[in-house]
Amino acid sequence: MENMDVKNKSLHKALLILNCFTDKQELGVTEISEQLGLYKSNVFNILDTFKKMEYVEQNEDTGKYRLGIGVLRLSRALGDSFSITKIALPYMQEIANETNERVYLGIPREDEVLYLDATYPSNDIRLMRSLLGETAKMYCTGIGKAMMAFLPERLVEEYLQKPLEKFTEMTITDPEKLKKELAVTRARGYAVDNMEHEFGVKCIGVPIFDRAGNIYAAMSISGPSLRFSNERMEQLYDLAKGYIRIIEDRIV
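What you see is a predicted model, and the numbers here were worked out from it, not measured in a lab. (Residues numbered from 1 in each chain as written. Predicted model: local features only at pLDDT ≥ 70, side-chain atom pairs only at ≥ 80, totals over all residues. Heavy atoms only, no water.)

Undergrad: An account of the sheet that holds strand 7 (residues 201-209) is requested, with residue identities and associated values reported.
TA: Taking strand neighbours across the sheet as the criterion, the 6 strands line up as 5-4-3-8-7-6 in an open arrangement whose pairing is antiparallel. Looking at which strands have only one partner, the edges of the open sheet turn out to be strand 5 (135-137) and strand 6 (191-194). Each neighbouring strand pair of the sheet contributes to a mean axis angle of 30°, computed without reference to strand direction. Sheet topology places strand 3 (residues 102-109) next to strand 8 (residues 215-224); 5 bridges connect them, and they run antiparallel. Looking across to strand 8, one finds that Arg-102 is bridged to Ser-222. (Pairing = 2+ DSSP bridges. Helix = DSSP H or I, 4+ residues; strand = E, 2+ residues; numbered from the N terminus. Axes fitted to C-alpha atoms, helices over the stretch in contact; angles between N-to-C directions.)

Spelled out as structure tokens, the structure:
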């Protein structure tokens with residue numbers, strides 16, 4: 001277990017256990033005990049408390065635990081605390097319906113994109129799922145590069161000192177090439193994810209600025225690569241930027 005100077009060790013243990021579920025959906029008492037170096041009895045008692053509060057639920061067939069509806073309630077409250085989500089969501093749905101593609105909203109968090117919400121075209125509701133709290137690296141996503149291109153140069157330089165993982169054959173992992181890509185993004189007004197994070201998926205990312213002109217968030221339109229020709233990506237940008245301007249005008 002991570003050695004930290006904390007005042008409430010019991011609470012610290014409980015939160016460590018809850019955080020285990022970010023890497024794996026279902027876990028047993030023994031798995032958590034071994035992972036954190038805690039006694040099984042401690043793990044069981046904490047999980048039992050979480051279960052009563054609906055933060056976890058137990059699979060009756062396997063006996064293992066998974067996150068429960070209590071966490072969902074907290075995540076919804078978190079989403080509501082971001083005013084950008086409430087502002088952007090209706091416009092995102094309009095874009096999704098007009099383009100027949102998926103639309104994502106995210107904000108920068110260190111070197112990652114923190115996803116706040118997503119909208120789907122009405123004929124794609126079977127695949128709808130909440131993205132709130134999910135993350136992805138900035139350098140290989142359209143939404144991430146749209147924000148990264150407008151971050152202070154100092155932050156970008158710090159970011160590029162870190163190893164850049166290759167997710168697909170198209171992922172840009174050379175810092176100099178990535179700098180050129182960000183320059184193109186600034187000049188063009190939008191970023192392109194050319195199957196850099198997931199093979200077969202392309203997207204455009206459009207930055208969202210606050211009233212002071214600082215990067216605040218970004219929105220992306222994503223779909224199968226065969227539908228995303230250069231001409232169509234220009235059309236998608238032309239559509240999205242009108243909505244983006246409305247959203248920016250409403251940001252406090």
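Undergrad: Residues and numbers for the environment of Leu-67, please.
TA: Within the fold, Leu-67 resides in strand 2 (residues 65-67). Note on Leu-67: relative accessible area 35%, which makes it partly exposed. Distance from Leu-67 to Phe-21, taken between C-alpha atoms, is 7.0 Å for residues 46 residues apart in sequence. Once residues within four sequence positions are removed from consideration, Leu-67 is found in contact with Leu-18, Phe-21, Gln-25, Tyr-55, Val-56 and Glu-57. (Buried < 20%, exposed > 50% of the residue type's maximum accessible area, 1.4 Å probe, protein only. Contact = heavy atoms within 4.5 Å.)

Undergrad: Which residues make up the nonpolar core, and what values do they have?
TA: Counting 29 residues, the largest nonpolar core has Ile-84, Leu-105, Ile-204, Ile-208, Met-219, Ile-221 and Ile-247 as the members making the most contacts within it. Those elements giving two or more residues to this core turn out to be helix 5 (83-99), strand 3, strand 4 (112-119), strand 7, strand 8 and helix 9 (230-250). When near neighbours in sequence (up to four residues on either side) are disregarded, Ile-221 contacts Ile-95, Thr-99, Glu-101, Arg-102, Val-103, Lys-202, Cys-203, Ile-204, Phe-228, Leu-236 and Ala-240. By size, the runner-up hydrophobic cluster in this structure holds 25 residues, among which are Val-113, Tyr-139, Tyr-159 and Ala-218. (Core = buried A, V, L, I, M, F, W, Y, C linked by side-chain atoms within 4.5 Å.)

Undergrad: Lay out the side chain of Thr-171 in plain terms, naming residues and giving numbers.
TA: Along the chain, Thr-171 turns up in the loop between helix 7 (153-159) and helix 8 (175-188). A polar atom in the side chain of Thr-171 sits 3.1 Å from the backbone nitrogen of Phe-167. From its side chain, Thr-171 meets the backbone oxygen of Glu-196 in a polar contact 2.6 Å long. (Polar contact = N/O pair within 3.5 Å; in protein donor to acceptor, adjacent residues only side chain to side chain.)

Undergrad: Which residues make up the packing of aromatic side chains, and what are the values?
TA: Summed over all chains, the structure comprises 7 aromatic pairs. With a centroid separation of 6.1 Å and an interplanar angle of 45°, the aromatic rings of Tyr-91 and Tyr-243 are classed as tilted. Of this pair, Tyr-91 sits in helix 5 while Tyr-243 sits in helix 9; the two residues are 152 residues apart in sequence, bridging distant segments of the chain. Per residue, the accessibility class of Tyr-91 equals that of Tyr-243, and both read buried. When the centroid spacing of 5.1 Å and the interplanar angle of 90° are considered together, the rings of Phe-150 and Phe-209 count as edge-to-face. Here Phe-150, found in the loop between helix 6 (142-148) and helix 7, pairs with Phe-209, found in strand 7; they are 59 residues apart in sequence, far enough to count as distant. Pairwise contacts between aromatic rings join Tyr-139, Tyr-159 and Phe-167 into one cluster. (Phe/Tyr/Trp six-rings, centres within 6.5 Å; stacked < 30°, edge-to-face > 60°.)

Undergrad: Can you lay out the pairing of strand 7 for me, pointing to particular residues and giving the numbers?
TA: Judged by how many residues are buried, strand 7 sits mostly within the fold: 7 of 9 residues are covered. Pairing of strand 6 with strand 7 involves 4 bridges; the strand directions are antiparallel. In the strand pairing of strand 7, Asn-194 is matched with Lys-202. Hairpin remark: strand 6 followed by strand 7, antiparallel, with 6 residues in the connecting loop; positive phi at Met-195, about 60°. Looking at chain direction, strand 7 and strand 8 are connected through 9 bridges and run antiparallel. Counted as the bridge partner of Ile-204 is Ile-221 from strand 8. The turn joining strand 7 and strand 8, which pair antiparallel and follow one another in sequence, is formed by 5 residues; a positive phi near 90° is taken by Gly-213.

Undergrad: Talk me through the packing of helix 5 against helix 9; I want residue IDs and the actual numbers.
TA: Here helix 5 crosses helix 9 at 155°, and the two axes come no closer than 10 Å. With respect to helix 9, the axis of helix 5 lies roughly antiparallel. Relative to helix 9, helix 5 is oriented so that their crossing is right-handed. On the side of helix 5, the interface is formed by Ile-84, Ile-87, Ala-88, Tyr-91, Glu-94, Ile-95, Glu-98 and Thr-99, while helix 9 contributes Arg-232, Leu-236, Leu-239, Ala-240, Tyr-243, Ile-246, Ile-247 and Arg-250. (Parallel < 35°, antiparallel > 145°, perpendicular 65-115°, else oblique. Left-handed = near helix turned anticlockwise from the far one by under 90°.)

Undergrad: Please give an account of helix 9 that cites residues and values.
TA: The first and last C-alpha atoms of helix 9 sit 30 Å apart over 21 residues, in line with the 30 Å expected at 1.5 Å per residue. Taken as a whole, helix 9 has its buried residues at Met-233, Leu-236, Tyr-237, Ala-240, Tyr-243, Ile-244, Ile-247 and Glu-248. (Expected span 1.5 Å × (residues − 1).)

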